[in-house]
Structure formats: C-alpha cells, structure tokens
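Reading the structure
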Amino acid sequence: MTTVLGCIADDFTGATDLAGLLARSGVRVSLRIGVPSEAPTDPAAFEVIALKSRTAPVAEAVAETLSALTWLREAGARRFFWKYCSTFDSTAEGNIGPVAEALMAELGSEQTIYCPAFPENGRSIFMGNLFVGRQPLAESPMKDHPLTPMRDSNLMRLLEPQVTRAVGLADRLTVSRGPQALRAELDALKAQGVAHVVVDAVANEDLTIIAEACRDMTLMTGGSAVAMPLPALYLADGTLSADAPKAEAPRIDARTIVLSGSCSAMTNKQVADYTSRGVPAFQLDPLSLAENGPQKALDWLAKQDLEKAPLIYATANPESVRAAQERLGVAGAGEIVEATLSACAVAARDNGARRVIVAGGETSGAVTKALGVTQLDIGIEIAPGVPWTYCRSDGHPIALTLKSGNFGAETFFTDAQERLAT
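Notes on the structure in this doc start here. Being a predicted model, the structure only gives us computed values, none of them experimental. (Residues numbered from 1 in each chain as written. Predicted model: local features only at pLDDT ≥ 70, side-chain atom pairs only at ≥ 80, totals over all residues. Heavy atoms only, no water.)

1. As for empty space enclosed by the protein
Rules: Space inside and on the surface of the protein is sampled on a 1 Å grid over the protein atoms alone, with a cavity defined as a set of points where a 1.4 Å probe fits but cannot get out and a pocket as an open set with protein on both sides within 12 Å along at least 5 of 7 lines; lining residues have an atom within 4 Å of a point. Grid points are joined across faces, edges and corners, and a volume is the space filled by probe spheres set on the points. Note that Gly is not counted as nonpolar here; it falls among the polar residues with everything else outside the nonpolar set of Ala, Val, Leu, Ile, Met, Phe, Trp, Tyr, Cys and Pro and the charged set of Asp, Glu, Lys and Arg. Counting from the N terminus, the helices are DSSP H or I runs at least four residues long and the strands are E runs at least two residues long.
By the definition in use, this model includes two cavities of 30 Å³ or more. Every residue along the wall of the largest cavity is listed here: Asp 10, Ser 53, Arg 54, Ala 61, Trp 82, Asp 89, Ser 90, Asn 95, Ile 96 and Val 99. A class-by-class count of the residues in the lining of the largest cavity yields four nonpolar, three polar and three charged. Quantified by volume, the second largest cavity comes out at close to 30 Å³. Lining of the second largest cavity is provided by Asp 11, Thr 13, Gly 14, Asp 17, Arg 54, Lys 83, Cys 85, Ser 404 and Phe 407. The leading source of residues in the lining of the second largest cavity is helix α1 (residues 12–23), at three residues. Looking at side-chain class alone, the lining of the second largest cavity contains two nonpolar, three polar and four charged residues.

2. What about the packing of helix α9 (residues 265–276) against helix α15 (residues 412–421)?
For the record, the criterion: Note on geometry: axes are C-alpha line fits, over the in-contact stretch for helices, and angles between N-to-C directions span 0 to 180 degrees. An angle below 35 degrees is treated as roughly parallel, one above 145 as roughly antiparallel, one from 65 to 115 as roughly perpendicular, and anything else as oblique. Should any heavy atoms of two residues lie within 4.5 Å, those residues are considered in contact.
The contact between α9 and α15 brings their axes to 8 Å, and the two run at 70°. In terms of their interaxial angle, α9 and α15 are classed as roughly perpendicular. Of the residues in α15, those in contact with Gln 270, Val 271, Asp 273 and Tyr 274 of α9 are Phe 412, Phe 413, Thr 414 and Gln 417. Residue composition of the contact of α9 with α15, grouped by class: four nonpolar, three polar and one charged.

3. Describing the pattern of salt bridges
Pairing is possible between side chains of opposite charge, provided their charged atoms come close. Put simply, the test is: What counts as a salt bridge is simple: a side-chain nitrogen of Lys or Arg found within 4 Å of a carboxyl oxygen of Asp or Glu.
Taken as a whole, this structure holds 23 salt bridges when the rule is applied. Among the salt bridges present, the one from Glu 338 reaches Lys 52, with a minimum N-O distance of 3.9 Å. With Glu 338 in helix α13 (residues 330–350) and Lys 52 in the loop between β3 (46–50) and α2 (58–74), this residue pair connects regions lying 286 residues apart in the sequence. A single network of salt bridges, built from pairs that share partners, joins Asp 10, Asp 11, Arg 54 and Asp 89.

4. Structural notes on the packing of aromatic side chains
So the rule is basically this: Two rings from Phe, Tyr or Trp (for Trp, the six-membered ring) form a pair when their centres are within 6.5 Å of each other. A pair whose planes differ by under 30 degrees is stacked, one over 60 is edge-to-face, and the rest are tilted. A 1.4 Å probe rolled over the protein chains alone gives each residue an accessible area, and that area as a share of the maximum for its type sets the label: buried under 20%, exposed over 50%, partly exposed in between. As a reminder, the over-ring test applies to NZ of lysine and CZ of arginine, requiring each to be within 6 Å of the ring centre and within 35 degrees of the ring normal.
One pass over the full model with this rule turns up seven aromatic pairs. Taking the centre distance of 6.4 Å and the plane angle of 25° together, the rings of Tyr 84 and Tyr 114 count as stacked. Highlighted residues: Tyr 84 in the loop between β4 (79–83) and α3 (96–107) and Tyr 114 in strand β5 (residues 112–115), separated in sequence by 30 residues. We classify Tyr 114 as buried; its relative accessible area is 0%. A ring pair is formed by Tyr 274 and Phe 413, whose centres lie 5.6 Å apart and whose planes are at 65°; its orientation type is edge-to-face. Separated by 139 residues along the polypeptide, Tyr 274 in helix α9 and Phe 413 in helix α15 bring together distant segments of the chain. Classification of Tyr 274 as buried rests on a relative accessible area of 3%. With a relative accessible area of 1%, Phe 413 lands in the buried category. Here the basic side chain of Lys 403 rests over the ring of Phe 412, its NZ or CZ set 5.8 Å away from the ring centre.

5. Details of the side chain of Arg 215
Counting through the fold element by element, Arg 215 comes out in the loop between α7 (204–214) and β11 (219–222). Look at Arg 215 and you get buried, because its relative accessible area is 15%. Excluding its chain neighbours within four sequence positions, the residues that come into contact with Arg 215 are Arg 79, Leu 230, Leu 233, Tyr 234 and Asp 237.

6. A short note on unusual backbone geometry
For the peptide bond that leads from Gly 94 to Asn 95, omega is 20°, which places it in the cis range. Even without a glycine there, the phi angle at Phe 88 is positive, about 55°. Its place among the elements puts Phe 88 in the loop between β4 and α3. A positive phi angle is found at Ala 309, which is not glycine, with a value near 55°. Mapping Ala 309 onto the fold places it in the loop between α11 (295–302) and β14 (311–313).

7. A few points about the nonpolar core
If you look at soluble globular proteins, the nonpolar side chains tend to sit buried side by side. Formally: Residues enter a nonpolar core if they are buried and are Ala, Val, Leu, Ile, Met, Phe, Trp, Tyr or Cys, with the set joined through side-chain atoms within 4.5 Å.
In terms of nonpolar packing, the biggest core is built from 138 residues, with Ile 210 and Ile 312 touching the most fellow members. For Ile 210, the contacting residues outside a window of four places in its chain are Ile 113, Cys 115, Val 175, Leu 182, Val 199, Asp 200, Ala 201 and Val 226.

8. Some remarks on the environment of Thr 389
Here is the rule we go by: Two N or O atoms count as a polar contact when they lie within 3.5 Å, although within protein this holds only if one can serve as hydrogen donor and the other as acceptor, and sequence-adjacent residues are included solely when both atoms are side-chain atoms.
Relative to the elements of secondary structure, Thr 389 occurs in strand β17 (residues 386–393). In the structure, Thr 389 is positioned 355 residues away from Gly 34 in sequence and 16 Å away in space, judged by C-alpha atoms. Setting aside anything within four residues of it in sequence, one finds Thr 389 in contact with Thr 16, Leu 376, Asp 377, Ile 378, Gly 379, Ile 398, Ala 399 and Leu 400. In this structure the side chain of Thr 389 is engaged in a polar contact, spanning 2.7 Å, whose partner is the backbone oxygen of Leu 400.

9. Quick word on the pairing of strand β6 (residues 123–126)
For clarity, the threshold we go by: By definition, two strands form a pair when at least two bridges between them are found by DSSP.
As judged from the four bridges shared by β6 and strand β7 (residues 129–132), these two strands associate in the antiparallel manner. Following the sheet pairing, Ile 125 is matched in β7 by Leu 130. Where β6 folds back on β7, the antiparallel hairpin that results is connected by two residues, among which Met 127 adopts a positive phi of roughly 50°.

10. Comments concerning a nonpolar patch on the surface
How we decide: Each patch groups residues whose relative accessible area exceeds 30% and which form no salt bridge, using 9 Å between like charges and 5 Å between nonpolar side chains of Val, Leu, Ile, Met, Phe, Trp and Tyr. The method behind every accessible area is Shrake-Rupley, applied with a 1.4 Å probe, and residues are considered shielded solely by the protein chains displayed.
Nonpolar side chains collect at one region of the surface, where Phe 126, Met 127, Leu 173 and Val 202 lie side by side and expose about 330 Å² of accessible area between them. Structurally, Val 202 can be placed in the loop between β10 (194–199) and α7. The exposure class of Val 202 is partly exposed, given its relative accessible area of 35%.

Okay, structure coming up:
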C-alpha cells in the first residue's frame, strides 16, 4: 500500500486525535512514535508521525519535522498535513509558523492554510479569532497554560511573528459560499503574495468545504478536524482505493492503569469525576517527588488490583501548578511528573496491565517512550479526536489511549473503559 496522506503532529495526543478522525473512514491508519529509524515497509494509506516538538527549540522542531517529511515521502506520500493543537498552542517564536515555512520550502509550496477549528470539541474560528466554546482563546483556561499561555485570540497576530512571509485571512463569509469561492479567494491572496492563510470555520460543514477546496494542496496545516473529510474525498476521486486495508481490533486483557499528568480545566473535572466513583487513586506532589523520588507511588501501585483501574495523577489547579513551578522551574516540575508517571506505566505493565489510559500531551509522549512503543494501529473513538490504539510493549499486546488535556467529557476515564468493553 502506498501512503496517500502523510501527516506530522507536534505532540502525541495530537497525533492520536488526528489518526482517530482519519480512522473514521474505516481504512487502516498507522501512527508512528517519532521518526522511524527504518525505511517504510507495508505503510498504511494514512501515516501519522507523532513528534514531541510543540515546545522544543525552533531549530530542533524544524529538523525533526523535516526528517519525518523525508520518511513519509519514502512511504509514497505526495500530500502532507502538519497538525498542531486546536488551541494553536505556541509561543512568539513558534513552533507552528517556523515548521510550516520549513515544510513549504522543502515541498516547493507557495501557500498553505491554517485551520485549528474543531467544532465537535468547541473550537471555532470567526474573522480570524479562535474561540474555545463561547470564550475567546485569550479568555479561556488556555490563558493559564503552564507551557504555552495563550494571551491573544487573533490567529493572524499570533502567526505573524513566527513567519517571514505575508499572513492573510479567508473569512467565514467566503467559506460559506462553497469550495470554489474559497479556492478563488486563496488564489487571489496568493497573487498578492500571501503565503499563510488563516481560514474561518464554525461548523463541520465549513470543514468539508475547506477540505474540498484545499484537497490538492501539497501541504495543509491545522487541527485534526479539517483533515477529517479528506478520506471520503480521496475515496470519491479514486486517490484512495476502495479496497484499501481496513482496521482490525485485537482482544485485550481488561487490567487497566489510568495516568493523568494534564492540569487542564477539563482534566481536573475528569479526575474529580473518576475519584468520586471510589476508584483507588494516588495523587503525585511534584515537590515531594523532587525530594523523595517516585518510590512511594510505585509501592502504592504494587498493592493495587488492576481490575479496578486505579488512577495515578498529578492533575492540580493552576495555583498549585504555579507554586511547584516557582520552586522547581516550569520544565523541572513537568519532567519530574512525566518521569514518575512513565515509571508507573512500566510497573503497571509488568504487573499485568494491558490497557493504559493517559491524559496530557507531554505525559503521553513520556509514557509511550518509556513503554518502548514505536507504532500504533488506530481503533475505535472514545470521544471526538481520542481513539483507542493498539500496540506492543515488551512483547505484550497493549491497548493505549492518549488524551489531550481538554478533550473528552467529564466521564472520560470511565467512558474509555466502557467503550473498549463493547
């Protein structure tokens, strides 16, 4: 099978989000953890490479992304998708804009779009401004994100400092007139030298129009949802064969561990819901971990019945997070938590856990690395953009779900287990 669409994501939960939406087509989707060290063999129609580059130094993020692009080209891909968070997580330096420009230069592309909208999860763009539910991005809980606090809602203003070429807007009024109108607007902007175009979207119908207008672009960029219509479009025009290999789900032992490192507003609600059900739970304290290490958590885990799906979490409110960061530094506090949750994931696997639920992008990256996972096949969705995936770890079949902080309902941890049981 030759890869039809090659995708690169800037974090692990974002990669599973994208892969899950593409998998709605029923066609096999393969997710690679990091750039594969070996040449492609038996690539899927849709290949997604998950990087851990969202907050990496710009030069490092660009180099790693270009390496992923090379592998995807070897897999046969001629169209590419650069996936970042639906809340446009970035700093003034990047990494969204610099990576997009590097990909454009390598591919010889004169223009690309930016559309992080995900209406099913409450992310919409109107007149270039990103909304989280009914709140502008800069008034949402993202304003207090510990690594990428978002203090502006206007995507053009956010993008302009990150790129060297002109930024423009294709607004909702244009999108509402259909794919031909949008295509004409993009062509007109290109003639004016506009290389980076933010595209409004407030509903799934807008995403279909955008995907149809941009389907032949060498490079598209955005959140996962704007890529969701592409499989159907490719099937309709024969780009994707109707007999492409389908996804298959293995049977997995029910013993489970739940690990939460995200401190997002929604994950706080999800932890509160899960612990209210009387599930065994252990809260990590970064300051205690810095002084005493992870052994207390590991000792607690060793005593748990994994049939009850115990929870280990560092999820906390913004005030507690800031207090830990002031003592340990932003990076230091995060690394301590990630290392501990990774150690717990390995210990749980060695004790028989075969289902692993992880909340938080940085945590997901650390856990998958610790488990030695390099490839995932995408399974059923638990919530929009959050699928179960299947892999092997130390020779064991594992079901793994990687949840971005703000995704999923308050009952997500329970929903995940019930969804896999059906």
